[in-house]
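Each chain, letter by letter, is given below.
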Amino acid sequence: MRSLSGYHKFSGLPVLRNLVRHWQKSLLSGLVGLLTVLLLAAYMGNMESARAQLAALPAALPVTGKISNLNGSLDAGLKIPEKTVQGIAEAKELKGQVFTVLLRAGLGVFTLEEWEGNLNFFVVGANDLAGVPGLKKEEICFWGDADEGILRTAEDVCIVDTWTMEQNGLSPGDEILLTFFYYRFGNDTGSGNTVFIEPLCSTYSRIVGVMDIEEYTGTVGCPNLIVPFDSARQMFHGQDIPFTADSVSFTVADPFRLNACKEELHTLGLLPVMKNAEYRFDGNAVTLRDDTFIRAAENLRESLAILQGILPFVLCMIVCAGYLCSYLLMQSRRPEYATMRSLGMSWRHCFLLLLAESAVTETAACAMGSLLALAILKTQPAVLLLAGGLFLGAFLAGTGGALWSFRRLSVMAVLGRGD
């Protein structure tokens, strides 16, 4: 009798020999696996794309906000208390805070009665160039080693427009004596809707940059000078004058924490906009431009939830495909199985041998399908590894279920019928 020691050792030789002997069935099983891998890779690729888009959404659609008056009609030219400014600056849920304060100025020293003819310059105190609407970085020529970071200091410096430089014979690096005036809101009746111009202080300021704004988009006069925001604030402190900012804008640090951000803004005393509120200059409301982000996030989350919810059913279908494919293809091999059993091979060895054949075939199909998905669908390698692992696990689980049914097969009945 021929020895079956090779089978009992369960070497790779019987597996490869059987794959070659039944090459048509192996090819058909491999094609089924290859198509399944391609479909699963496309499915997993869509899921990963939705997840990546959701993660990149804050950068693509940043949520910005501004302080406004209560009816939302103004977001500049406001009276924003210093307490609110400091709270916004220290808020953990915000980033990219931009603060401005409007001032007027003139060269030299002059009194309140002499302001006419002397108070020639519109001044913006800002901590960032974004505080001057329409001003581009390339429209400023800085002097020496200065750059836009100078606005985040409290130095007595200024950026002057080219027209003012030419009209007054100024040059970069000059120290000029300026008298500043500020805007005071309110009147004796307490309505808060009247604006006065009051003297602030006189101080020397060094010119560290020259600007040429081509398309100013602000609502007040185009600035002739820009000074650091904290430098302007120190002028108020030095004169014991209550400081108020003109405008405040910011970006939400993590748009997925919008509720936490709104709660933090609420603790600062800021209210939601109420369209029917009285027109005032008080900056005590906040406007968040979050509609577009919320809609996009909801759509992506809904798509991702659908894809993730369907995944278990997709895996069940692959298990069923593995079961049916293996069951149908193995029917013609029942005599071979019965012969192996009659010659002394255990059920366990028969099961592992047939499962190994399927594993080799489907692994090859998985590799080819993954290469095609990488070349055609541009699927990420990490996604392909996950898709390949899920496919092999599900398909071989179905194959194992189909082979398990052979355990109930009567060896004598098969051999007796000769089928």
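One structure accompanies this document, and this report is about it. Being a predicted model, the structure only gives us computed values, none of them experimental.

### Thoughts on the environment of threonine 64
Relative to the elements of secondary structure, threonine 64 occurs in strand E1 (residues 64-68). Given a relative accessible area of 26%, threonine 64 falls into the partly exposed group. C-alpha of threonine 64 to C-alpha of glutamine 97: the two residues are 33 residues apart in sequence and 9.9 Å apart in space. In contact with threonine 64, not counting residues within four places along its chain, are Phe250, Thr251, Thr287, Leu288 and Arg289.

### Quick look at the pairing of strand E8 (residues 195-211)
Pairing of strand E5 (residues 140-142) with E8, which is carried by 3 bridges, proceeds in the antiparallel orientation. When the bridges of E8 are listed, isoleucine 140 appears paired with methionine 211. In the sheet, strand E6 (residues 157-161) pairs with E8 via 5 bridges, with the strands oriented parallel. Bridged to cysteine 158 within E8 is isoleucine 207. Alignment of strand E7 (residues 175-185) against E8, held across 11 bridges, turns out to be antiparallel. Looking at E8, one finds that phenylalanine 180 is bridged to cysteine 201.

### What to know about the packing of aromatic side chains
Counted according to the given criterion, the structure contains 9 aromatic pairs. On the basis of an interplanar angle of 80 degrees and a centroid distance of 5.1 Å, the ring pair of phenylalanine 236 and phenylalanine 243 is categorised as edge-to-face. In this structure, phenylalanine 236 and phenylalanine 243 share a single accessibility class: buried. In this structure an aromatic cluster arises from ring pairing among Phe99, Tyr182, Phe229, Phe236 and Phe243. A cation over an aromatic ring shows up here: arginine 104 above the ring of phenylalanine 122, its NZ or CZ 4.4 Å from the ring centre.

Reading the values: rules and limits
- Residues numbered from 1 in each chain as written.
- Predicted model: local features only at pLDDT ≥ 70, side-chain atom pairs only at ≥ 80, totals over all residues.
- Heavy atoms only, no water.
- Helix = DSSP H or I, 4+ residues; strand = E, 2+ residues; numbered from the N terminus.
- Buried < 20%, exposed > 50% of the residue type's maximum accessible area, 1.4 Å probe, protein only.
- Contact = heavy atoms within 4.5 Å.
- Pairing = 2+ DSSP bridges.
- Phe/Tyr/Trp six-rings, centres within 6.5 Å; stacked < 30°, edge-to-face > 60°.
- Lys NZ or Arg CZ within 6 Å of the ring centre and 35° of its normal.

Structural measurements only, silent on function.
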